[in-house]
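Chain residues, written in single-letter form:
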Amino acid sequence: MNPVKVISQQPPGGRCTLYARYADAIAEMLDWSHAIVHDECRDAHGEGFPSLWIHDTAIQPADGAILTPEDICDWLRHQDVDARRADALQLRLQAVLDDFLENWKPESPAAK
């Protein structure tokens, strides 16, 4: 079982892409394995896509819409991840989010 799992649609949309990038960063920073699971069931932050799971728990966004670095790291801090590691991870995840917001462009329907 991978400690970090993303449930994504195929092809991934915006949040699925962002959550996959978050998973890459979490796995790298905490030296955990991760997996992307493709599903056809839309169930944001639940059993379907888009969702980010850590240790069998779907992390829930504070705003109910999109996970932030703070949401993820607050959850990890409550799971006894060392505060310094969580703080460093939060900075890394914020860089991921900033890059995503600046550069991600949805695929146009004509390109499919």
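The structure this text deals with has already been given above.
Residues numbered from 1 in each chain as written. Predicted model: local features only at pLDDT ≥ 70, side-chain atom pairs only at ≥ 80, totals over all residues. Heavy atoms only, no water.

1. Some remarks on the pattern of salt bridges
- Within the structure shown, the criterion is met by five salt bridges.
- A salt bridge links Glu28 to Arg92; the shortest N-O distance between them is 3.3 Å. You can see Glu28 sitting in helix H1 (residues 14–30) and its partner Arg92 sitting in helix H3 (residues 83–103), a full 64 residues away along the chain.
- The exposure class assigned to Glu28 is exposed, which follows from its relative accessible area of 55%.
- By relative accessible area, which is 28% here, Arg92 ends up partly exposed.
- Between Arg77 and Asp87 there is a salt bridge; the shortest N-O distance is 2.7 Å. Linking Arg77 in helix H2 (residues 69–78) with Asp87 in helix H3, this pair joins segments that are ten residues apart in sequence. (Salt bridge = Lys/Arg side-chain N within 4 Å of Asp/Glu carboxyl O. Helix = DSSP H or I, 4+ residues; strand = E, 2+ residues; numbered from the N terminus. Buried < 20%, exposed > 50% of the residue type's maximum accessible area, 1.4 Å probe, protein only.)

2. Observations concerning the environment of Arg21
- Looking at the secondary structure, you find Arg21 in helix H1.
- The partly exposed category is assigned to Arg21, whose relative accessible area is 31%.
- Taking C-alpha positions, Arg21 is 8.6 Å from Leu97, a pair spaced 76 residues apart along the chain.
- With residues up to four places along the chain from it excluded, the contact list for Arg21 reads Val96, Asp99, Phe100 and Trp104. (Contact = heavy atoms within 4.5 Å.)

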